[in-house]
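Single-letter residue listing:
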Amino acid sequence: METEERLGQQTRLQAEKQNTPLENTPSTSSTGQETGDEIFAEESENHSENNAGDNDLETIPNSNHELGTKTAVILLLFIFSSSAIAMFLVWKTFPAMDPEDEKSFKFPKDIEDAKQLGNVLSRYKEQYYAQVLGGFLCVYVFLQTFAIPGSIFLSIISGFLFPFPVALFSVCFCSATGASFCYLLSYLVGRKLVRHYLPERAAQWSAKVDNHRSNLLSYILFLRITPFLPNWFINIVSPVIGVPLFPFWVGSFFGVAPPSFIFIQAGTTLQQLTSTMDPITVETVLLLVVFALLSILPVLMKNKLKTKFE
């Protein structure tokens, strides 16, 4: 029995000695864990700083989405030069003309020039219909794009050269497309200038557009039909105040139809006209007033119903 007790005590002593190094292990491991946590924390901080730097680098380009002024001006000159080259190609690809016809083959400055140009084009239209129509479309879009006055002469000449449906569609399409190109040019250059020099005014205009966004099409139709604002002013200001391009094009296409109708109809009697104001009569003015009221009628009805139910 005593021998067994001694053996048991020795066994316990050996076990305690063996357990002694194991007891120190947790403190060692905890120290290592703390060190690992510190390293991980430092790496996390470094990683966060790197991510912050990356985010800063990513936000810098986002703040410069609009082109610089120098780049915008260069692009504007490039577009104008390209359009001028296109106009030159239209002139070069036109069929050979008699010396007398070449004298009249120029952009009209008055109604007499328009008469001479109409006579020249009418002689070549039968044999070179595509060239005459294509040249007419290119010149009209060019004038509208760069807000060059004189497109009224082309509207009158179109009534003299082409069937009424073709002339009306061509004038409306060229007016809307050229106005949209002018819109894009203003968006490219003018919007940044206005926001830089007139930030508060631009914000007010944009807020008004947002308040009437559901009625923009009616307003554009009304402005195109009535002579309250010139078309070039509408084209340039619209992108600055945030008018979307699609309703701008649609409103321009249908809005220029009533006044174009009057001048195209007058073009059928081109040789009897004495000035571009001849088509403006009491009847035509009343016709424009009727179309203007019809264009704004949905807005008036909507506001009346809204007031009634409120």
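Because the structure is predicted, anything quoted here is derived from the model rather than measured. (Residues numbered from 1 in each chain as written. Predicted model: local features only at pLDDT ≥ 70, side-chain atom pairs only at ≥ 80, totals over all residues. Heavy atoms only, no water.)

Some remarks on the overall build of the protein
Argument step 1. Check the secondary structure of the protein and you find 13 helices and 0 strands.
Argument step 2. Reading the helices (α) and strands (β) of the protein from amino to carboxyl end gives α-α-α-α-α-α-α-α-α-α-α-α-α.
Argument step 3. When the 310 residues of the protein are sorted by exposure, 34% land in the buried category.
Argument step 4. Of the roughly 19900 Å² that the protein leaves accessible, carbon and sulfur atoms contribute 64%. (Helix = DSSP H or I, 4+ residues; strand = E, 2+ residues; numbered from the N terminus. Buried < 20%, exposed > 50% of the residue type's maximum accessible area, 1.4 Å probe, protein only. Areas by Shrake-Rupley, 256 points an atom, 1.4 Å probe, with all protein chains shown as cover.)

A word on the confidence of the model for the protein
Argument step 1. When pLDDT is averaged across the protein, the result is 78; 77% of the residues are at 70 or more.
Argument step 2. Confidence over residues 1-5 falls short of pLDDT 50; this stretch has 0 contacts with residues more than four positions distant or in other chains.
Argument step 3. In the model, residues 15-64 has pLDDT below 50 throughout and makes 0 contacts with residues more than four positions away in sequence or in other chains. (pLDDT = per-residue confidence, 0-100. Contact = heavy atoms within 4.5 Å.)

Observations concerning the environment of Ile234
Argument step 1. On the secondary structure map, Ile234 appears in helix 10 (residues 231-237).
Argument step 2. The exposure class assigned to Ile234 is buried, which follows from its relative accessible area of 7%.
Argument step 3. Residues Ile234 and Tyr183, spaced 51 residues apart in sequence, show a C-alpha to C-alpha distance of 8.7 Å.

Some details on unusual backbone geometry
Argument step 1. In this structure, Ala147 takes a positive phi of about 55 degrees despite not being glycine.
Argument step 2. By the secondary structure assignment, Ala147 is in the loop between helix 5 (129-145) and helix 6 (151-161).
Argument step 3. Under the relative-accessibility criterion, Ala147 is labelled partly exposed at 36%.

Considering the nonpolar core
Argument step 1. Val132 and Phe162 are the most contacted members of the largest nonpolar core, which has 32 residues in total.
Argument step 2. Contributing elements (two or more residues each) for this core: helix 4 (111-125), helix 5, helix 6, helix 7 (164-197) and helix 12 (257-267).
Argument step 3. When residues of this core are assigned to their parent elements, the largest contribution, 8 residues, is made by helix 5.
Argument step 4. Excluding residues within four positions of it along the chain, Phe162 makes contact with Lys125, Tyr129, Val132, Leu133, Phe136 and Ala167.
Argument step 5. Counting 9 residues, the second largest nonpolar core, distinct from the first, contains Val209, Leu216, Ile241 and Phe248. (Core = buried A, V, L, I, M, F, W, Y, C linked by side-chain atoms within 4.5 Å.)

Some details on the packing of aromatic side chains
Argument step 1. Under the criterion given, the structure shown has 18 aromatic pairs.
Argument step 2. Judged by centre distance (5.7 Å) and plane angle (65 degrees), the rings of Phe136 and Phe162 are edge-to-face. Here the residue Phe136 occupies a position in helix 5, and Phe162 occupies one in the loop between helix 6 and helix 7, the gap between them amounting to 26 residues. Taken individually, Phe136 and Phe162 each receive the classification buried, so the pair is uniform in this respect.
Argument step 3. Put simply, the rings of Phe169, Phe173, Trp249, Phe253 and Phe254 touch in pairs and so form one group of aromatic residues. (Phe/Tyr/Trp six-rings, centres within 6.5 Å; stacked < 30°, edge-to-face > 60°.)

What to know about helix 13 (residues 282-309)
Argument step 1. Its 28 residues give helix 13 an end-to-end C-alpha distance of 39 Å, which sits within 8% of 40 Å, the value for a rise of 1.5 Å per residue.
Argument step 2. Along its length, helix 13 shows its largest kink, about 40 degrees, at Ile296, and proline Pro298 lies within four residues downstream of that point.
Argument step 3. Taken together, the buried positions of helix 13 are Thr284, Leu288, Ala292, Ser295, Ile296 and Val299.
Argument step 4. Of the surrounding elements, those touching the buried residues of helix 13 are helix 9 (216-225) and helix 12. (Expected span 1.5 Å × (residues − 1). Bend = angle between axes of the 7 residues up to and from the residue.)

Examining the packing of helix 4 against helix 6
Argument step 1. The interhelical angle for the contact between helix 4 and helix 6, taken along N-to-C directions, is 40 degrees, at an axis separation of 10 Å. In terms of crossing hand, the pair formed by helix 4 and helix 6 is right-handed. Packed against helix 4, whose contacting residues are Ile111, Ala114, Leu117, Gly118, Asn119, Leu121, Ser122 and Lys125, the element helix 6 presents Phe153, Ile157, Phe160 and Leu161 at the interface.
Argument step 2. Residues belonging to the contact of helix 4 with helix 6 are distributed by class as follows: 8 nonpolar, 3 polar and 1 charged. (Axes fitted to C-alpha atoms, helices over the stretch in contact; angles between N-to-C directions. Left-handed = near helix turned anticlockwise from the far one by under 90°. Nonpolar A, V, L, I, M, F, W, Y, C, P; charged D, E, K, R; others polar.)

Brief notes about the environment of Phe136
Argument step 1. Overall, the relative accessible area of 7% leaves Phe136 in the buried class.
Argument step 2. Residues in contact with Phe136, not counting those within four places in the same chain, are Leu154, Ser158, Phe162, Ser170 and Val171.

Things to note about a nonpolar patch on the surface
Argument step 1. Side chains of Phe261, Leu287, Val290, Phe291, Leu294, Leu297, Leu300 and Met301 sit close together on the surface and give an oily, nonpolar patch of about 680 Å² of accessible area.
Argument step 2. The greatest single-element share of the nonpolar patch, amounting to 7 residues, is contributed by helix 13.
Argument step 3. With respect to the helices and strands, the residue Phe291 is situated in helix 13.
Argument step 4. The exposure class assigned to Phe291 is partly exposed, which follows from its relative accessible area of 34%. (Patch = residues over 30% accessible without salt bridge, like charges linked within 9 Å, V, L, I, M, F, W, Y side chains within 5 Å. Salt bridge = Lys/Arg side-chain N within 4 Å of Asp/Glu carboxyl O.)

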